[in-house]
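Chain by chain, the residues:
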Amino acid sequence: MVLRTNPAKPGPAAAVSSRLSVKAEQFTESVIREMTRLALQYQAINLSQGFPDFPAPAEVKRAAQEAIAADINQYAITWGAKPFRDAIAEKFARVQGVTVDPERELTVCCGATEGMISSMMAIINPGDEVVVFEPFYENYGPDAILSGATPRLVKLRPPDWSFDPDELAAAFGPATKAIILNTPNNPTGKVFQRAELEFIRDLCVQWGAFSISDEIYEHMLYDGAEHISIVTLEGMRDRAITISALSKTYSVTGWRVGWVIAAPEVTAAIRKVHDFLTVGAAAPLQAAGEVALRLPPSYYETLAREYAGRRNRLLGILENSGFRCFKPKGAYYIMTDISAFAFPDDLSFAKYLVREIGIAAVPGSSFYRDPAEGRTQLRFAFCKKETTFQAAEERLSKLRAG
Ligand SMILES: Cc1ncc(COP(=O)(O)O)c(C=O)c1O
């Protein structure tokens, strides 16, 4: 995603933009999803967009088929079918140890994506600022514009993607409405540690800010990394807006089912926005979600172990091909440094890769406000099956650094 810095610039573009939304003029289409289209066009192996190319769990798919056969085909309650909300609350209590009221603190949305924009539209007023770590998942830029928030960017610095506490503290102020957190993190693979979250918590409490925490990769953790939901920290129970989804954990990104957990007053606002944006998520898929959320602990152990294997596999392939990799601790992406390749920037390299080598990856610039900051980076997704890795390995062997 590219944010256009001067949407109101006079000239031919302005004539067009006067007919269209000034907000929509401020960002371009998603680079990640464009890379998927290019991958299809050039028959490239798609290591760009984060969707698994292996099957979803059989019992979850069966539950969806059965729900449709049983005619769970009409609108669910707008903020989510009661049994599905109960299952979400049960799992949250089991995994995070936090008891939430499914009647007043939970909203089922069309994916984490809608959960984020509904949450922002529910709390943002003109003049409000949101703190966002950069590099960021590209949706957060347009989410800020659409909801009317001004982003205050704070750097995550390689190789460990840590932040400078002074820089973060300086980004907070009286206008701060929220901080957007994404842990485990896309694109960096960072998993925020307790001390970092406590520092963020202290700033939220000091400035009366919300945290909006996108935890969609909560079960993809490596090398002993622990996922801590900021809502579990003292002082955050009423400030934390926690977002997750079925998408990644159960390999069903196309189902578009996610949820938001927030204090009752905040949930009431989120539910209103959600209702008028989408009415609700797919009813039969919410029914199948109950089965997914009640899978035993062994499901999550296997998931993490298999993803660790995929991570190591892609790390090996990329390193052999000359990429410098930032080893992720969570999520399912590898950020790489492409300086060793003789290309002027990430975009030209990504285009060469997709057209000539047959591999689609995401240019690093799409995760930064200033594209120049991502010009030496490229992101690869490893939510792929072994045959995909084999084909990618063969194609990348044609690539030479230097
Ligand atoms: C950090 C993050 N949040 C949200 C999403 C999208 O979630 P959903 O498919 O549930 O809308 C993605 C997908 O790549 C993501 O990386």
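This write-up is about the structure you can find in this document.

Rules and cut-offs
- Residues numbered from 1 in each chain as written.
- Predicted model: local features only at pLDDT ≥ 70, side-chain atom pairs only at ≥ 80, totals over all residues.
- Heavy atoms only, no water.
- Core = buried A, V, L, I, M, F, W, Y, C linked by side-chain atoms within 4.5 Å.
- Buried < 20%, exposed > 50% of the residue type's maximum accessible area, 1.4 Å probe, protein only.
- Helix = DSSP H or I, 4+ residues; strand = E, 2+ residues; numbered from the N terminus.
- Near = heavy atom within 4 Å.
- Polar contact = N/O pair within 3.5 Å; in protein donor to acceptor, adjacent residues only side chain to side chain.
- Areas by Shrake-Rupley, 256 points an atom, 1.4 Å probe, with all protein chains shown as cover.
- Phe/Tyr/Trp six-rings, centres within 6.5 Å; stacked < 30°, edge-to-face > 60°.
- Axes fitted to C-alpha atoms, helices over the stretch in contact; angles between N-to-C directions.
- Parallel < 35°, antiparallel > 145°, perpendicular 65-115°, else oblique.
- Contact = heavy atoms within 4.5 Å.
- Nonpolar A, V, L, I, M, F, W, Y, C, P; charged D, E, K, R; others polar.
- Expected span 1.5 Å × (residues − 1).
- Arc of directions from axis to C-beta.
- Pairing = 2+ DSSP bridges.

With that out of the way, let us pick up the nonpolar core. In terms of nonpolar packing, the biggest core is built from 126 residues, with Phe133, Leu168, Ile200, Leu246, Phe323 and Phe380 touching the most fellow members. At eight residues, helix H11 (residues 297-320) tops the list of elements feeding residues into this core.

On to the site of the ligand. The ligand sits among 15 residues. The nearest are Thr113, Asp214, Tyr217, Ser247 and Arg256. At 2.6 Å from an oxygen atom of the ligand is found a side-chain nitrogen or oxygen belonging to tyrosine 217. Within the side chain of serine 247, a nitrogen or oxygen atom sits 2.6 Å from an oxygen atom of the ligand. Calculation on the ligand without its partners gives an accessible area of 400 Å², and the protein chains cover 92% of this total. In terms of residues, the shell around the ligand owes the most to one element, helix H5 (residues 111-123), which gives three residues.

With that settled, the discussion passes to the packing of aromatic side chains. Within this structure, the stated rule accounts for 23 aromatic pairs. Here phenylalanine 163 and phenylalanine 199 contribute two aromatic rings whose centre-to-centre distance is 6.3 Å and whose plane-to-plane angle is 40°, an arrangement assigned as tilted. Placement of the pair is phenylalanine 163 in the loop between strand E4 (150-155) and helix H7 (165-171) and phenylalanine 199 in helix H8 (residues 194-207), with a sequence separation of 36 residues. For phenylalanine 163, a relative accessible area of 10% corresponds to the buried category.

Attention now goes to the packing of H11 against helix H13 (residues 386-396). Close contact between H11 and H13 brings their axes to 10 Å; oriented N to C, the two are set at 10°. By the criterion of interaxial angle, the relationship of H11 to H13 is roughly parallel. On H13, the residues that touch Arg310, Arg313, Leu314, Ile317 and Leu318 of H11 are Glu386, Phe389, Gln390, Glu393 and Leu396. For the contact of H11 with H13, the residue count by class is five nonpolar, one polar and four charged.

As a further point, take helix H3 (residues 58-69). Between its first and last C-alpha atoms H3 spans 16 Å; for twelve residues at 1.5 Å apiece the expected length is 16 Å, and the two agree. Among the residues of H3, those classed as buried are Val60, Ala63, Ala64 and Ala67. The buried residues of H3 occupy an angular sector of 100° when the element is viewed end-on, so they sit on one face. Structural note: H3 exposes Gln65, Glu66 and Ala69 on the side pointing more than 90 degrees away from its buried face. The elements touched by buried residues of H3 are helix H10 (283-293). Downstream of H3 by one or two residues, aspartate 71 has phi in the positive range, about 65°.

Next up on the list: the sheet that holds strand E12 (residues 362-363). In spatial order, the strands read E9-E10-E13-E12; together these four strands make up an open sheet with antiparallel pairing. Pairing within the sheet leaves two strands with one partner each, and these edge strands are strand E9 (324-326) and E12. Where E9 meets strand E10 (residues 333-337), three bridges bridge the pair, whose relative direction is antiparallel. Bridged to phenylalanine 326 within E10 is methionine 335. Contacting E12 and strand E13 (377-381), helix H12 (residues 346-357) runs over the sheet at an angle of about 40° to E13.

For aspartate 202, the location among the structural elements is in helix H8. Judged by relative accessible area, aspartate 202 falls into the partly exposed class, the value being 42%. For the pair aspartate 202 and tyrosine 75, spaced 127 residues apart in the sequence, the C-alpha separation amounts to 41 Å.

This part takes up the sheet that holds strand E7 (residues 240-245). One open sheet holds the seven strands; their spatial order is E2-E8-E7-E6-E5-E3-E4, and the pairing between them is mixed. Since the sheet does not close on itself, it has two edges, and those belong to strand E2 (106-109) and E4, each with one partner. Strand-to-strand, the axes of this sheet are offset by a mean angle of 20°, without reference to chain direction. Alignment of E7 against strand E8 (residues 258-261), held across four bridges, turns out to be antiparallel. Bridge pairing in E8 links alanine 245 to glycine 258. Helix H9 (residues 264-278) contacts E2, strand E6 (210-214), E7 and E8 of the sheet and is inclined by roughly 20° relative to E2.

Alternating positions in E2 separate into two faces, Leu106 and Val108 on one and Thr107 and Cys109 on the other, with burial throughout. Pairing analysis gives four bridges linking E2 to E8, with the strands arranged antiparallel. Paired with valine 108 across the strands is tryptophan 259, a residue of E8.

Once that is clear, we can look at the environment of threonine 150. The topology assignment puts threonine 150 in strand E4. Classification of threonine 150 as partly exposed rests on a relative accessible area of 41%. Between the C-alpha atoms of threonine 150 and aspartate 128, which are 22 residues apart in sequence, the distance is 6.3 Å. Residue contacts for threonine 150: discarding those within four places in its chain leaves Asp128, Glu129 and Val130.

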